[in-house]
Every structure is written in structure tokens, then in C-alpha cells.
Amino acid sequence: MNDSETDSQSINALIVFRENGETDNLFVPILCDAIRMAGVNVRCSQKEFWESDTTYDIIHFQWPEEVVGWTCEDPDIIRRLKERIDFFRSRGAHFIYTRHNIRPHYANDIISRAYDIIESESDIVVHMGHYSQTEFIQKYPDSRNVIIPHHIYQYTYKEDISIERARQYLNLPQEAFIVTAFGKFRNREEIRMVAGAFSKWDEKNKLLLAPRFYPFSRHNKYGRNILKRWASRIGYYLAMPLLNRMFNLQAGANDELIDNCDLPYYMAASDIILIQRKDVLNSANIPLAFLFHKVAVGPDMGNMGELLNSTGNPTFCPDNKDDIIRALKEARQLAVWGKGEVNYTYAMENMSLKKIGKMYVEIYRNLSNRL
């Protein structure tokens with residue numbers, strides 16, 4: 001065993017994230033496993049951050065919402081957050097922040113202030129692309145920053161599903177050209193962007209697979225607002241089937257999660273993966289697309305656009321319907337030419353769990369060895 005491996009095993013790290021495993025975003029649990037495989041004693045827990053007096057060498061923040069709560073409205077949490085950071089720092093801890101978002105998706109002032117504290121208090125900020133790093137340095141010119149790519153989801157999903165088997169499993173037509181927009185559609189702008197371009201695209205046998213597309217629900221999500229509740233249910237049971245038939249869609253309600261056992265079937269059934277985000281920094285759907293040998297197409301913005309452009313996958317201006325159609329046509333041709341296999345090779349060489357885990361451990365070790 002060399003000295004660096006011995007140093008890694010002596011590091012005690014905490015990733016501040018829920019520990020019950022109830023999440024549809026597996027980024028952190030998989031990263032935690034990758035870091036552990038690289039020799040670091042790492043624990044994943046939010047409760048440990050707030051209640052423990054354990055001495056940690058490294059405390060690793062992900063989403064600030066995971067620290068204070070996704071719907072936090074307690075102004076006292078800001079004082080407590082500062083106190084906990086000071087407490088751990090007084091015991092020798094160093095802080096790392098992996099930057100997933102520029103700002104919270106569903107912001108209030110308390111969560112925004114939590115972002116400010118975690119950004120400014122972290123010893124090193126990890127970015128998944130140069131775009132994020134450049135933007136962050138403008139706000140914090142004296143910050144220490146590194147770039148570590150988004151890892152792929154190796155050893156997580158069944159990866160050997162044929163396109164024919166996947167379509168049979170999901171009851172999809174075998175002859176269709178399927179564009180999949182995975183993940184929840186968060187607002188009307190995303191729906192309009194995708195639906196508008198897809199309906200205008202003159203492509204035979206096209207099918208948009210969007211399992212979390214519609215803002216309707218069969219559940220009682222509007223409480224005592226009877227009008228909204230019934231409008232939502234009518235949309236779910238009547239409008240959804242009608243719209244799906246009219247516009248070549250296989251789409252579901254955006255509040256219904258896709259089981260992780262079904263996720264690989266959606267990816268495998270696809271011809272190309274469409275990233276529907278308009279204003280986010282990163283997208284896990286690009287590494288997922290690459291893992292499943294697919295071409296990805298998405299907006300030319302943030303780290304998403306940077307990754308797509310650098311790997312030769314099509315990008316588009318999200319506010320230009322014709323440009324989205326141009327990118328879809330390009331992606332269709334690239335899929336025929338075998339670009340998905342090239343994406344898979346790139347991901348295995350640059351985004352593997354082994355490589356990303358070692359990159360994080362190197363940061364942990366360098367910080368732990370600082371006086």
C-alpha cells in the first residue's frame with residue numbers, strides 16, 4: 001500500500017445528504033460509493049451535520065437545499081448553519097461544495113441565503129464544467145475552484161437491454177423514431193419549447209416519450225381548492241389520452257416518479273435523448289444518455305451546452321423553434337452514424353466512477369494535509 005492510499009484511508013468525510021435513500025436523483029449515493037471504493041471513510045447524512053459532535057476531516061456539501069430543507073421557511077436556520085460550520089471548522093474540518101445549480105430552482109430568501117453561506121464558506125468549490133467555474137469566480141474572485149465532470153451511473157441500472165425488448169416492455173411501437181425527454185417538466189416554458197418544436201418537426205413515425213410531461217394529476221394535490229382539483233383530474237383522465245393521440249406523444253403526469261427499475265427501459269427504448277431544460281446548469285440526463293449509447297441533444301447553455309459541444313452532440317437555442325428542429329434532425333443523423341457508441345466510449349474514459357471517485361479523493365487528501 002502506497003502513502004497516498006494510507007492517507008486516504010485515514011480521512012473521515014461527511015457528505016451532507018439524506019441517508020434514507022429516498023431520492024429519485026442517485027448522484028450522491030453513487031458518488032459516495034465511488035469515494036468509498038477509492039479508500040475514504042465517507043458517510044452520507046444530513047442529520048449527522050446538524051446533531052453530531054463527531055470530528056470530520058472533510059464536510060462535503062451538495063445541494064444547499066439538502067442541508068436546510070427544500071421548503072425551509074425558518075429564518076433561524078441561517079444562524080444555526082453558520083454556527084455548525086464554525087463548530088466543525090474549529091475541530092479542523094475542511095469544506096467542499098459541489099455546485100449543481102447557480103441558484104435554487106424554487107427559491108425563497110432563506111434558501112438563497114443558505115446558498116450564499118455555503119458558497120462563501122467552502123474551502124474548495126467543485127464545478128462540472130468551465131462555464132460554472134468562470135461564472136462563480138466573477139462572484140468570488142478569491143475562491144479555490146476545481147473541475148470534476150459529472151459521473152456516469154455505472155453499476156446502477158441494467159445496461160444490456162435491447163431497443164426491441166425495451167419497447168416491448170413499455171408497449172411502444174417498434175418502428176417509431178423515439179425522442180425521449182426524461183425527468184419532470186418543471187414549467188410551461190419547458191412544455192411549450194418541446195411540444196412546439198416536436199409538433200412542427202416533419203419526421204415520419206416520430207414519437208415523443210416524456211413520462212413526466214403534463215401538469216395534471218390524479219392525486220389530491222390542490223387540497224381544498226375543488227375547482228383546481230377537478231380540473232387537474234379531468235386533464236389527467238381525458239385531456240392526456242387525447243393530446244397523446246393528436247401529437248404523437250407517449251407522455252404522463254409530471255408528479256409521477258419513474259421507478260429506477262424502469263428507467264433503463266426508457267433509455268434503451270430511445271433513439272435520441274432530448275434535454276428539455278431552459279435555465280439550469282447541469283443535467284444528469286447527458287451522462288445517462290452516454291451510458292446507454294445514445295445521442296443527446298440539448299440547449300446551448302451552462303455546463304450542459306459545454307459538454308454537448310465538446311463531445312460533438314447537437315445543441316440549440318431554446319427560444320428558437322427552428323433551431324431545435326435543426327438540432328433534432330442532426331441528432332437523428334448522428335444516431336444513424338453510430339454517435340451513441342462514441343459517446344459511450346467518451347463517458348467510460350472521462351466520466352467513470354473509478355476516475356471521478358479518485359478525483360474527489362485527491363481533493364479530500366490535499367485539503368486534509370493542509371496545515
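These notes cover the structure that comes with them.

The rules behind the values
Numbering of residues starts from 1 in each chain and follows the order in which that chain's sequence is written. For this predicted model, a pLDDT threshold of at least 70 governs which residues receive local features, and a threshold of 80 or more governs which side-chain atom pairs are given and counted, while totals over whole chains, interfaces and linings are taken from all residues. Side-chain calculation: all heavy atoms of the structure are included, whereas hydrogens and water are not. Exposure classes here rest on a 1.4 Å probe applied to the protein chains alone. A residue is buried below 20% of its type maximum, exposed above 50%, and partly exposed in between. Where helices and strands are cited, they refer to DSSP runs of H or I of at least four residues and of E of at least two residues respectively, numbered from the N terminus. Residues are treated as being in contact if the distance between any of their heavy atoms lies within 4.5 Å. Fitting a line to C-alpha atoms yields each axis, with helices limited to the stretch in contact; the angle taken between N-to-C directions then spans 0 to 180 degrees. When an angle is under 35 degrees it counts as roughly parallel; over 145 it counts as roughly antiparallel; between 65 and 115 it counts as roughly perpendicular; any other value is oblique. Note on residue classes: Ala, Val, Leu, Ile, Met, Phe, Trp, Tyr, Cys and Pro are nonpolar, Asp, Glu, Lys and Arg are charged, and everything else, Gly too, is polar. Any two strands with at least two DSSP-identified bridges between them are counted as paired. Here, a salt bridge means any side-chain nitrogen of Lys or Arg that lies within 4 Å of a carboxyl oxygen of Asp or Glu. Cysteine sulfur pairs qualify as disulfides if the two atoms are within 2.5 Å. Stacked, tilted and edge-to-face are the three classes applied to pairs of Phe, Tyr and Trp rings, where Trp contributes its six-membered ring and a pair requires centres within 6.5 Å; stacked means planes under 30 degrees apart, edge-to-face means over 60, and tilted covers the rest. Two conditions define a charge located above a ring, namely a distance within 6 Å from the ring centre to NZ of Lys or CZ of Arg, and an angle within 35 degrees of the ring normal. Polar contact criterion, stated in full: a pair of N or O atoms within 3.5 Å, where within protein one must be able to donate a hydrogen and the other to accept it, and residues adjacent in sequence count only if both atoms are side-chain atoms. Patch construction takes residues with relative accessible area above 30% that form no salt bridge. Like charges are linked within 9 Å, and nonpolar side chains (Val, Leu, Ile, Met, Phe, Trp, Tyr) are linked within 5 Å. Computed with the Shrake-Rupley method and a 1.4 Å probe, the accessible areas treat only the protein chains shown as cover for residues. Buried Ala, Val, Leu, Ile, Met, Phe, Trp, Tyr and Cys residues that are joined via side-chain atoms within 4.5 Å together make up what is termed a nonpolar core.

**Here's the deal with helix H13 (residues 302-310)**
Here comes step 1: Among all positions of H13, only Gly302, Asn303, Met304, Gly305, Leu307 and Leu308 are buried.
Here comes step 2: Here the buried face of H13 lies against helix H7 (130-139), helix H12 (285-291), strand S11 (295-299), strand S12 (315-316) and helix H15 (339-350).
Here comes step 3: Just beyond H13, the residue with positive phi is Gly312, at close to 80°.

**A word on the packing of H7 against H13**
Here comes step 1: At their nearest, the axes of H7 and H13 sit 7 Å apart, and the two run at 140° to each other. Between H7 and H13, the angle falls in the class oblique. Note on element contacts: H13 touches H7 through Gly302, Asn303 and Glu306, opposite His130, Tyr131 and Ser132.
Here comes step 2: The residue makeup of the contact of H7 with H13, split by class, is 1 nonpolar, 4 polar and 1 charged.

**Section: the sheet that holds strand S3 (residues 58-61)**
Either a parallel or an antiparallel arrangement is found when strands of a sheet pair, and the pairing is made through backbone hydrogen bonds.
Here comes step 1: One open sheet holds the 6 strands; their spatial order is S2-S1-S3-S4-S5-S6, and the pairing between them is parallel. Edge strands, defined here as strands with exactly one partner in the open sheet, are strand S2 (41-44) and strand S6 (145-147). Across the sheet, the axes of successive neighbouring strands diverge by a mean angle of 20°, strand direction being ignored.
Here comes step 2: In terms of strand pairing, strand S1 (residues 12-16) meets S3 through 4 bridges, oriented parallel. Across the sheet, Leu14 pairs through a bridge with Ile59, a residue of S3.
Here comes step 3: The strands touched by H7 are strand S5 (124-127) and S6; relative to S6, the strand with the most contacts, the crossing angle is about 170°.
Here comes step 4: Of the strands in this sheet, S1, S3, strand S4 (94-98), S5 and S6 are in contact with helix H16 (residues 353-368), which crosses S4 at around 155°.

**Focus: the pairing of strand S9 (residues 249-253)**
Here comes step 1: Of all 5 residues in S9, 4 are buried, a share of seventy percent or more.
Here comes step 2: Pairing of strand S8 (residues 206-214) with S9 involves 4 bridges; the strand directions are parallel. In the strand pairing of S9, Ala210 is matched with Ala251.

**Some thoughts on the pattern of salt bridges**
Opposite charge on two side chains makes pairing possible when the charged atoms of those side chains draw close.
Here comes step 1: Evaluation of the coordinates by the stated rule reveals 23 salt bridges.
Here comes step 2: In this structure, Asp160 engages Lys158 in a salt bridge whose closest nitrogen and oxygen atoms are separated by 3.1 Å.
Here comes step 3: We note a salt bridge from Asp271 to Arg167, for which the minimum N-O separation is 2.7 Å. Here Asp271 is found in the loop between helix H11 (263-269) and strand S10 (272-274), whereas its partner Arg167 is found in helix H8 (residues 163-169), with 104 residues between them in sequence.
Here comes step 4: A single salt-bridge network, built from bridges that share partners, covers Arg103, Asp116, Glu119 and Lys139.

**Here's the deal with the sheet that holds S9**
Here comes step 1: Reading across from one edge, S9-S8-S7-S10-S11-S12 is the order of the 6 strands in this open sheet, with parallel pairing throughout. Whereas interior strands pair on both sides, the edge strands pair on one side only; in this sheet they are S9 and S12.

**Points about the state of the cysteines**
Here comes step 1: If you walk through the whole model with that rule in mind, you get 0 disulfides.
Here comes step 2: The cysteine Cys32 is free of any disulfide, with Cys44 supplying the nearest cysteine sulfur at 4.9 Å.
Here comes step 3: Not engaged in a disulfide, the cysteine Cys72 finds its nearest cysteine sulfur in Cys44; these two sulfurs lie 19 Å apart.

**Notes on the packing of aromatic side chains**
Here comes step 1: Using the criterion set out here, one finds 16 aromatic pairs in the structure.
Here comes step 2: Aromatic rings pair up to connect Phe49, Trp50, Tyr56, Phe61, Phe87, Phe88 and Phe95 into one cluster.
Here comes step 3: The cationic tip of Arg80 hangs over the ring face of Trp50; the distance from NZ or CZ to the ring centre is 4.8 Å.
Here comes step 4: Geometry around Phe177 places Arg332 over its ring, the cationic atom sitting 4.3 Å from the centre.

**With respect to the side chain of Asn313**
Here comes step 1: If you trace the backbone, Asn313 turns up in the loop between H13 and S12.
Here comes step 2: Polar side-chain contacts of Asn313 include one of 3.2 Å to the backbone nitrogen of Ala296.
Here comes step 3: A polar contact of 2.9 Å, which involves the side chain of Asn313, links it to the side chain of Asn343.
Here comes step 4: Not counting the four nearest positions on each side in its chain, Asn313 is found in contact with Phe290, Val295, Ala296, Leu308, Lys339 and Asn343.

**Focus: a nonpolar patch on the surface**
Here comes step 1: A cluster of nonpolar side chains, contributed by Ile234, Tyr237 and Leu238, occupies part of the molecular surface with about 350 Å² of accessible area.
Here comes step 2: Take Leu238: it is sitting in helix H10 (residues 226-246).

**Thoughts on the environment of Ile30**
Here comes step 1: Considering the arrangement of structural elements, one finds Ile30 in helix H2 (residues 27-37).
Here comes step 2: Look at Ile30 and you get buried, because its relative accessible area is 8%.
Here comes step 3: Note: C-alpha distance between Ile30 and Ile325 (295 residues apart in sequence) is 35 Å.
Here comes step 4: Apart from residues lying up to four places away in sequence, Ile30 is in contact with His151, Tyr153, Thr156 and Leu353.

**Brief notes about the nonpolar core**
Here comes step 1: Membership of the largest hydrophobic core comes to 63 residues, with the highest contact counts inside it found for Ile15, Ile35, Val40, Tyr153 and Tyr364.
Here comes step 2: Grouped together as the second largest cluster of nonpolar side chains are 30 residues, Ala210, Phe216, Ala327 and Ala331 included.

All quantities given are derived from atomic positions and should not be read as evidence of function.
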